[in-house]
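Listed below, chain by chain, are the residues.
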Amino acid sequence: MITRSNLAEQLREYQIRSKYDWTSFSVFSSTSNLHFSRVDVVIFVLWELIILAFLVFSAVSLYFGHVKIAFILVCITLLLLLCMKITKQVRLDRKKKRRMLLPLSM
């Protein structure tokens, strides 16, 4: 049952969450108008730095003639990119689910 105190509590939580939203400057972001919290931004920046490091290491190993190592590093990079996309989608789904708890009038 929805009571006035529950609605007030949900509204307070929503206002606290939306107060600290940042936009993501992610290279791999599919849309630029989504808002993320600081934790989300830090996590995605770390993902991107790790992916960039693997790409650089694969290019260096390819330069030195180690094709197998370069191929393995590129495969790991693609898997990390896939994991990043899945993680992002799960977080967005959770955020949408939390927003749907509030009534439309608020």
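### Some remarks on the overall build of the protein chain
Counting its secondary structure elements, the protein chain contains three helices and two strands. When the elements of the protein chain are put in sequence order from the N terminus, they spell out α-β-β-α-α. Among the 106 residues that make up the protein chain, the fraction classed as buried is 18%. Within the protein chain, contacts between residues separated by at least 24 positions form 54% of all contacts whose residues are at least 6 apart in sequence. In the structure as shown, the protein chain presents an accessible area of about 8,400 Å², 71% of it carried by carbon and sulfur atoms.

### Brief notes about the packing of aromatic side chains
What describes a pair of aromatic rings is the distance from one ring centre to the other and the angle between the planes of the rings. Evaluation of the coordinates by the stated rule reveals one aromatic pair. Here the aromatic rings of Tyr63 and Phe64 are separated by 5.2 Å at their centres, their planes lie at 70°, and the arrangement is edge-to-face. Given a relative accessible area of 69%, Tyr63 falls into the exposed group.

### Section: the packing of helix H2 (residues 38-63) against helix H3 (residues 67-99)
It is the contact of H2 with H3, at a shortest axis distance of 8 Å, that shows an interaxial angle of 165°. Comparing the axis directions of H2 and H3 gives the class roughly antiparallel. Along this stretch, H2 crosses H3, giving a crossing that reads as left-handed. Residue composition of the contact of H2 with H3, grouped by class: 19 nonpolar, four polar and five charged.

### What about H3?
In this model H3 runs 48 Å from its N-terminal to its C-terminal C-alpha over 33 residues, within 8% of the 48 Å that 1.5 Å per residue would give. Every buried residue belonging to H3 is among Ala70, Leu73, Thr77, Leu80, Met84, Lys88, Leu92 and Lys95, and all of these are buried.

### Structural notes on a positive patch on the surface
A surface patch of like charges, here positive, comprises Arg94, Lys96, Arg98 and Arg99. Checked against the element boundaries, Arg99 lands in helix H3.

### Quick word on the confidence of the model for the protein chain
Looking at the protein chain as a whole, its pLDDT mean stands at 77, while 75% of the residues score no less than 70. For the stretch residues 21-28, pLDDT sits under 50, and the model shows 22 contacts to residues farther than four places along the chain or on other chains.

### Some points on H2
The periodicity of an α-helix, 3.6 residues per turn, causes residues three or four positions apart to be oriented the same way. Taking 1.5 Å of rise per residue, the 26 residues of H2 would be expected to cover 38 Å, and the 37 Å separating its terminal C-alpha atoms lies within 8% of that figure. Along H2, the residues that are buried comprise Asp40, Val41, Phe44, Glu48, Ile51, Ser58 and Ser61. Just beyond H2, the residue with positive phi is Gly65, at close to 90°.

What counts and how
- Residues numbered from 1 in each chain as written.
- Predicted model: local features only at pLDDT ≥ 70, side-chain atom pairs only at ≥ 80, totals over all residues.
- Heavy atoms only, no water.
- Helix = DSSP H or I, 4+ residues; strand = E, 2+ residues; numbered from the N terminus.
- Buried < 20%, exposed > 50% of the residue type's maximum accessible area, 1.4 Å probe, protein only.
- Contact = heavy atoms within 4.5 Å.
- Areas by Shrake-Rupley, 256 points an atom, 1.4 Å probe, with all protein chains shown as cover.
- Phe/Tyr/Trp six-rings, centres within 6.5 Å; stacked < 30°, edge-to-face > 60°.
- Axes fitted to C-alpha atoms, helices over the stretch in contact; angles between N-to-C directions.
- Parallel < 35°, antiparallel > 145°, perpendicular 65-115°, else oblique.
- Left-handed = near helix turned anticlockwise from the far one by under 90°.
- Nonpolar A, V, L, I, M, F, W, Y, C, P; charged D, E, K, R; others polar.
- Expected span 1.5 Å × (residues − 1).
- Patch = residues over 30% accessible without salt bridge, like charges linked within 9 Å, V, L, I, M, F, W, Y side chains within 5 Å.
- Salt bridge = Lys/Arg side-chain N within 4 Å of Asp/Glu carboxyl O.
- Lys, Arg positive; Asp, Glu negative; His and termini not counted.
- Charge placed at Lys NZ, Arg CZ, Asp CG, Glu CD.
- pLDDT = per-residue confidence, 0-100.

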